[in-house]
Amino acid sequence: MLDGVASLTIAAAVDPVPWARAQMAFTLACHIILVPLGVSWAFMTLVANYRALRHDDRDALVLAQRWSKYMAVTFAVGAVTGTVLSFEFGLLWPNFMGTWGEAFGVPFAFEGLFFFTEAIFVAIYIFGWRRLKPWTHFWTGVPIVIAGIFGAVSVVAANAWMNAPAGFTLNSNGEVVKVDPLGVIFNDAMPLQSAHMLVAAYLVGGFLVSSVYAAGMLRGRTDRYHRTGFLIAFTVAAVMTPVQMGVGDALARWVYNNQPVKFAAIELVPTTSSDVPETLLGKLNDDGTVTGGIAIPGLASWLSDPGTGKSTVVQGLDTVPANERPSTRQVNTVHLSWDIMVGLGTALFLLSVWYGLSWAIKRRMPQSKWFLRAAACSGVLAVITMEAGWVVAEVGRQPWIVYRYMKVEDAATENSGVWITFIVVAVLYVALGITTIAVLRAMSKRFRRAGGFVDHDTPYGPPEQVTAGTGGQTEEKAP
Amino acid sequence: MSTTIAVVLLLALAAYAVFGGADFGAGFWDLTAGGPEQGAAPRAVIDRSIGAVWEANHVWLIFIFVVTWSAFSPAYAAIMLTMYVPLTLAALGIVLRGSSFAFRKSVATLRYRRIFGGGFALSSVLVPFCMGAIAGGIASGQVPAGGKAGDPVDSWLNLASIVTGVFAVVVAAYLASVYLVRDARSAGDTAMVEYFRRRAVVTAVVAAVVAGVDLIVLNSKASYVFDGLMSRGLALVILSVLCGFGALVLLVRNAARGARVLAILAVASIIGSWGAAQWPYLLPESLKVSEAAAPDGTLTALLVAVGVALVLVVPGFVLLYLLHERQLLPEEGAEDVSDRSPAAR
């Protein structure tokens, strides 16, 4: 009994802010893996579907059918994890929503609209395979793609608004008294940030799906079905990779101009100066010195503005008081994440170049085992790249939740029990993740056993006389 | 303009109760359907009935959140601050429910289907209970306005909340059973028509009893809302009672189509009467709709979004329901697509 009381007292003394942060970060990190699939898989499925109908391609048809079934699962998980986020905005950040919901909420009204459209047509497309006419069915998939794009753009617009708050007027008490919805949605950070995420969605989705087929081909499944699956998905990713380099570069320069402190954290710049080196790895110390890593002289200055080159002045972290910039640890997190994003992004770009050159020269995909090995890893690497990029965006904004208007600690809930919900959510999400992968694997096994297309019978039984777990040969591994 | 948005919010709540509620109710019948063999037939009806539509249904909730936090952010913050326990439980229930339903359809073995099915069914009861408890807590003035949290436990585990939570579960089960009668009939399954019809009649009676108890409790615990129900909301209360009674008569006489329409009206008017009873408050006697309302710019943007939804989303939603209704989105019992592909011809 006394122990119980003691632990309750401890619970009451737990600072909710880091736990709220951790829970938001964790749930977003999980949800963001499903986003690319939600946004881009429908497009790839339609490519397969189009090919099937146009060229009478049976493999592409089966591919499109199976992809739509996998999509149903990932879309469902994405929908529920997305709903959890809409709870969490209020549960974890009530003061943020109370003060800024009137402005911040606007893009979500449109996001909800697009998500609604997406959910409706995903249902029609997934369930429409049997009775709808082939081309009618194909067209019911198109709204999914369009709604996916606009939905992603709207939700990123809300995040961009946190980086570049606009479209509102405050009164002397700091309350929002006037809102200009277009100003909120089309804030300064929105065009580039949305483009960066949208391209990332296609890129990650493409690499993720193609890596499954690359792994299958490495295990000897080099039939036409697997090749088609690989080619469609990998081509989408390969086309997007160079686009992303351009968009990412433009966005970095936007950050240089508009969020100088974030840029200083990215480039590890403690004090304002020109001729700033590009530091690969390395770390910032509490005394403001940078140690370790490889410094390329002048490159960070040069990249920030090639016009002025090495003489470009980069604002340092010391230009703002310590409580208005990320802590040393956060700076190091941002910098390392940046290195990971750029490093892996470049590696994926080189992989795409390899693929592109092979097509240009030999009119076929690279035949090397090493190419397939690299492609099989590309899915996971692309996810890591995206997560790292997202860490740069979010941690780089610290300590602000609304840049220069509200700090994270002032936005957080005062509910000291957040650590409990964090643990429950973490356990539930880990189980959800494992189950999702297991279910996708089980589906692929079952599809393979049945050859063509399998449908589901009544839930619970009467039991199908197939035991999962036998066979054990899986080449279509879920990412 | 804030009144218009409040009406939109109420309509969305009614839509969630009618569409999403039936969805949760189907989970309740899934839970009570018995063992694998015994429950196979009702579960087949349930599965067919919600298979294609559950994700779309559940967007109503997101819409309600978005409208509340954009248009009435002080109320949203206050509800979130006080009601975080039932809201967290509801969120967890939604994760469990949605994912288990999707997984259940995707796994082949009986054992896993039962595990996921259990998760789906249990959370289908948990979520409406939490939602009802929150509504009861709001109605009985447990949510203080102005950035301070109410009691995290008492605010939703008081008498008014518990009875309203139970009422929500019963109403969901009632709606679902009425829908399922129709779905079983259109599938030509007379045994299941009878099965769900019996359940619909019983839950209709139970719902009426719980509604009566809820009124008595509200009279003592939420007098503002009770008075509102007896004045501003009275017309809707009477409409709800009449529709509910009419649906019951039709169910007894086995006229499923009309029963469904009346059941929907009955439930929608319950939500409507609640809104009217609370008027002009969002949080009874502490926060008025007009006080909580966002600046005009936000409200205009929301109305534009609603307008676009009417033009774009509603036709899609109707299409989905029509296709679903006319069994054009079957999962089984139709020829395989391979028979239809040009290659196979």
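Residues numbered from 1 in each chain as written. Chains lettered and ligands numbered in written order. Predicted model: local features only at pLDDT ≥ 70, side-chain atom pairs only at ≥ 80, totals over all residues. Heavy atoms only, no water.

Attention now moves to the overall build of chain A. Each helix and strand in chain A was counted, giving 14 helices and 8 strands. Overall, chain A is about 65 × 65 × 50 Å in size when its C-alpha atoms are taken along their principal axes. Contacts spanning at least 24 positions in sequence make up 77% of the contacts within chain A whose residues lie at least 6 apart. When the accessible area of chain A is evaluated, it comes to approximately 19100 Å², of which 65% is carbon and sulfur surface. A distance of 16 Å separates the average location of the 34 positive side-chain charges in chain A from that of its 33 negative side-chain charges. (Helix = DSSP H or I, 4+ residues; strand = E, 2+ residues; numbered from the N terminus. Contact = heavy atoms within 4.5 Å. Areas by Shrake-Rupley, 256 points an atom, 1.4 Å probe, with all protein chains shown as cover. Lys, Arg positive; Asp, Glu negative; His and termini not counted. Charge placed at Lys NZ, Arg CZ, Asp CG, Glu CD.)

Applying the stated criterion across every chain yields a total of 7 salt bridges over all chains. Residue R224(A) pairs with D57(A) through a salt bridge whose shortest N-O separation is 2.7 Å. Of the two residues, R224(A) is situated in helix 8 (residues 224-258) and D57(A) in the loop between helix 2 (16-55) and helix 3 (58-92); the sequence distance between them amounts to 167 residues. Residue class for D57(A) comes out buried when judged on its relative accessible area of 5%. Note that D30(B) and R43(B) form a salt bridge whose closest N and O atoms lie 3.1 Å from each other. On the criterion of sequence distance, the pair formed by D30(B) in helix 1 (residues 2-31) and R43(B) in helix 2 (residues 36-50) is long-range, its members being 13 residues apart. (Salt bridge = Lys/Arg side-chain N within 4 Å of Asp/Glu carboxyl O. Buried < 20%, exposed > 50% of the residue type's maximum accessible area, 1.4 Å probe, protein only.)

Residues and elements named next belong to chain B. The feature "transmembrane region" (unreviewed entry), as annotated in UniProt, sits at residues 75-96, 116-139, 159-180, 200-218, 230-252, 259-279 and 299-323 in this numbering. With 95% helix and 0% strand, residues 75-96 has its two end C-alpha atoms placed 28 Å apart. Along residues 159-180 one finds 100% helix and 0% strand; the C-alpha atoms at either end are 31 Å apart. (UniProt positions renumbered as here; feature names shortened; annotations may be inferred.)

Attention shifts here to the side chain of T312(A). Residues and elements named next belong to chain A. Of note, T312 is situated in the loop between helix 10 (299-304) and helix 11 (328-362). Engagement of the side chain of T312 in a polar contact is seen with the backbone oxygen of D305, the distance being 3.2 Å. If sequence neighbours within four positions are ignored, T312 has contacts with Y256, S273, S274, D275, S301, S304 and D305. (Polar contact = N/O pair within 3.5 Å; in protein donor to acceptor, adjacent residues only side chain to side chain.)

The subject of this paragraph is the side chain of T68(B). Residues and elements named next belong to chain B. One can find T68 in helix 3 (residues 54-71). Looking at T68, its side chain comes within polar contact range of the main-chain oxygen of I64, at 2.5 Å. Each residue touching T68, except ones within four places of it in the same chain, is listed here: L9, S73 and Y76.

All names here are of chain B. Along the chain, Y321 turns up in helix 13 (residues 296-325). Taking relative accessible area as the criterion, Y321 reaches 22% and is therefore assigned partly exposed. The spatial distance from the C-alpha of Y321 to the C-alpha of G258 is 17 Å, given a sequence separation of 63 residues.

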